[in-house]
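# A closer look at the structure
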Amino acid sequence: MEADQFNIRHLAAMAAVVDQGSVSLAARAVNLTQPAVTQGIAKLEAQLGVPLFERRPGGMVPTDVALRFRPRVEVALRLIGSSRVTAAQIRAFVALARAGSYAAAAAIVGVAEPSLHRAVGALGLALGVRLAERRGRGLMLTRAGVALARRLRLALAELRQGLEEIAELRGQESGRILVGAMPLSRARLLPLAITNFRRESPQVDISVVEGSHAELVGPLRDGEIDMMVGALRDATIGQDLVQQPLFEDRPTIFARAGHRLEQGWDGDDLRRFPWILPPEGTPLRQLWRAMFAALGGDLPAVPIECGSVMTVRQLLVSGDYLTLLSVDQLRVELDSGMVADIGPAPGEISRTIGLTSRADWRPTRLQQQFMAAIEQAAGEVNS
């Protein structure tokens, strides 16, 4: 089953029975009748395919599955904010937040547009907030809507991890690792980590989402990816994220094969040629500025800003441009003779490569193993 198919009241009932130890006490805690709690738990067990409680004369004793699942459920319920919210409402609003229109969201969910509109409206009523408003011909989420969309995505991520842990308890090693790949990690580090991990856990799927730090940090905060790998940012990244350094990368200067500077250069030579660099604010652009600050003099022209290594490679071979990249990022092009490594960046120029995850994230065993595979791959790359 999928994480967005749970009945929220059934989840609340299950957590209450774990806490209270009896159906009658749990029923009072979640404002349901005893038969409703009993039926809800039975339906939840049928969905999961495992017993959650042992029925004994003295009460309900949670199984290992229930004890493992309850903390995930508790976090999800807190993020959702109300047991009156339904799974259909969550699916509708998460789709609306992603698609930006009722028509597109209805197509994602597979329901008629009026049905999706009613579900979003009912969700707002259940929580007592306005979630979206018309702006001209478009639609925008309110501030409360933006905050709720993030909480619901995180709630679904918790439930998804709970399902994976239940599968593990049943002896079914399966699941999906969702990793965000920033440019430097794509060439060697992440492929090596995935290869090593899949060798030990072939039943686990890997989804790699490529993007810059700016493109990936939102999905990471929303729980749509588990972690991201690449150049770390400074301490202003926010207390909600945790950065784990893996190794220091020292970039080098690249040009096309046969470039005049391949025979040698000084600081003035580096200023005579145009540069291709990622946008301002990225670690590599900051290192480039630091490099020329150490050399002294004015900054050279940067007529092309680009973060795509494939595009940079093609531009390099077609002109006299220079760029600053890791050797791993252009290893294939170097070995084939397409580009030339004209020398390491002068000065103490390096960037820290590492893992970034949410501060409140509780990884599953498989996610921990994948992070360990990344650490192992980082050691191999760094050596």
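Just above, that's the structure.
If you're wondering where the values come from, they're calculated on a predicted model, not measured in any experiment. (Residues numbered from 1 in each chain as written. Predicted model: local features only at pLDDT ≥ 70, side-chain atom pairs only at ≥ 80, totals over all residues. Heavy atoms only, no water.)

### Focus on the overall build of the protein chain
Secondary structure summary: the protein chain contains 16 helices and 14 strands in total. Looking at the protein chain as a whole, 47% of its 383 residues are labelled buried. The contacts in the protein chain between residues at least 6 apart in sequence include a share of 72% that link residues at least 24 apart. Carbon and sulfur atoms make up 50% of the accessible area of the protein chain, which amounts to about 18,000 Å² in all. (Helix = DSSP H or I, 4+ residues; strand = E, 2+ residues; numbered from the N terminus. Buried < 20%, exposed > 50% of the residue type's maximum accessible area, 1.4 Å probe, protein only. Contact = heavy atoms within 4.5 Å. Areas by Shrake-Rupley, 256 points an atom, 1.4 Å probe, with all protein chains shown as cover.)

### Describing the environment of R160
Tracing the backbone through its elements, the reader meets R160 in helix α8 (residues 143-169). Along the sequence, R160 and D4 sit 156 residues apart, while their C-alpha atoms lie 8.6 Å from each other. Dropping the residues within four chain positions of it, R160 is found in contact with A3, L178, G223 and D226.

### Looking at the sheet that holds strand β13 (residues 339-344)
Reading across from one edge, β11-β10-β12-β9-β13 is the order of the five strands in this open sheet, with mixed pairing throughout. Since the sheet does not close on itself, it has two edges, and those belong to β11 (304-305) and β13, each with one partner. Here strand β10 (residues 275-277) runs beside strand β12 (residues 322-325); their pairing, made up of two bridges, is parallel. Each residue of the ladder has a partner; that of W275, found in β12, is L322. Packing against the sheet, helix α13 (residues 283-295) makes contact with β9 (252-256), β10, β11 and β12, and its axis sits at approximately 140° to β10. (Pairing = 2+ DSSP bridges. Axes fitted to C-alpha atoms, helices over the stretch in contact; angles between N-to-C directions.)

### Regarding the packing of helix α4 (residues 64-80) against α8
Closest axis-to-axis distance for the α4/α8 pair is 8 Å, and the angle between their directions is 175°. Classified by the interaxial angle, the pair formed by α4 and α8 is roughly antiparallel. Within the contact of α4 with α8, the residues separate by chemical class into 15 nonpolar, two polar and seven charged. (Parallel < 35°, antiparallel > 145°, perpendicular 65-115°, else oblique. Nonpolar A, V, L, I, M, F, W, Y, C, P; charged D, E, K, R; others polar.)

### Quick word on the pattern of salt bridges
Using the criterion set out here, one finds 26 salt bridges in the structure. A salt bridge links R289 to E280; its shortest N-O distance comes to 2.9 Å. Residue E280 is classed as partly exposed on the basis of its relative accessible area of 44%. (Salt bridge = Lys/Arg side-chain N within 4 Å of Asp/Glu carboxyl O.)

### Focus: the packing of aromatic side chains
Applying the stated rule across the entire model yields five aromatic pairs. Between F6 and F69, the ring centres sit 5.8 Å apart and the planes meet at 40°, which makes this aromatic pair tilted. Within this pair, whereas F6 is found in the segment before α1 (8-20), its partner F69 is found in helix α4, the two being separated by 63 residues in sequence. Here F6 matches F69 in class, with each residue buried. Between W288 and F292, the aromatic rings sit 5.3 Å apart at their centres with planes inclined by 65°, giving edge-to-face as the arrangement. Of this pair, W288 and F292 both sit in helix α13, four residues apart, which is roughly one turn of that helix. (Phe/Tyr/Trp six-rings, centres within 6.5 Å; stacked < 30°, edge-to-face > 60°.)

### Structural notes on the pairing of strand β4 (residues 138-141)
Judged from the four bridges that link them, strand β3 (residues 132-135) and β4 form a sheet pairing that is antiparallel. Across the sheet, the residue bridging to R134 is L139, located in β4. Linking two consecutive strands that pair antiparallel, namely β3 and β4, is a turn of two residues; a positive phi of about 65° is found at G136 within it.

### A closer look at the nonpolar core
By size, the foremost hydrophobic cluster in this structure holds 59 residues, and its most contacted members are L11, V37, L48, F69 and F93. Mapped onto this core, the elements with two or more residues apiece are α1, α2 (23-30), α3 (34-48), α4, α5 (87-99), α6 (102-109), α7 (113-127) and α8. Setting aside chain neighbours within four positions, we find F93 in contact with V120, L123, L131, L141, G145, L148, A149 and L152. Counting 27 residues, the second-largest nonpolar core is a separate cluster that includes L261, W288, L322 and A345. (Core = buried A, V, L, I, M, F, W, Y, C linked by side-chain atoms within 4.5 Å.)

### Side note on the side chain of Q367
Among the structural elements, Q367 can be located in helix α16 (residues 365-382). Given a relative accessible area of 1%, Q367 falls into the buried group. Side chain to side chain, Q367 and Q161 meet in a polar contact 2.6 Å long. Apart from residues lying up to four places away in sequence, Q367 is in contact with Q161, E164, I177, D226, M227, W361 and R362. (Polar contact = N/O pair within 3.5 Å; in protein donor to acceptor, adjacent residues only side chain to side chain.)

### Details of α3
The terminal C-alpha atoms of α3 lie 21 Å apart, and with 15 residues this matches the ideal 21 Å at 1.5 Å per residue to within 8%. Structurally, α3 contributes buried residues whose contacts are with α1, α2, β1 (53-56), β2 (59-62), α4 and α8. A positive phi of about 75° marks G49, the residue just after α3. (Expected span 1.5 Å × (residues − 1).)

### Here's the deal with the sheet that holds strand β8 (residues 241-249)
Spatially, β6-β5-β7-β14-β8 is the arrangement adopted by the five strands of the open sheet, whose pairing is mixed. What marks the edges here is a single partner per strand, and that holds for β6 (204-210) and β8. Shown here is a sheet whose adjacent strand axes are inclined to one another by a mean of 20°, direction ignored. The pairing of β8 with strand β14 (residues 351-358) spans eight bridges and is classified as antiparallel. From the neighbouring strand, E248 faces β14, where its bridge partner is T352.

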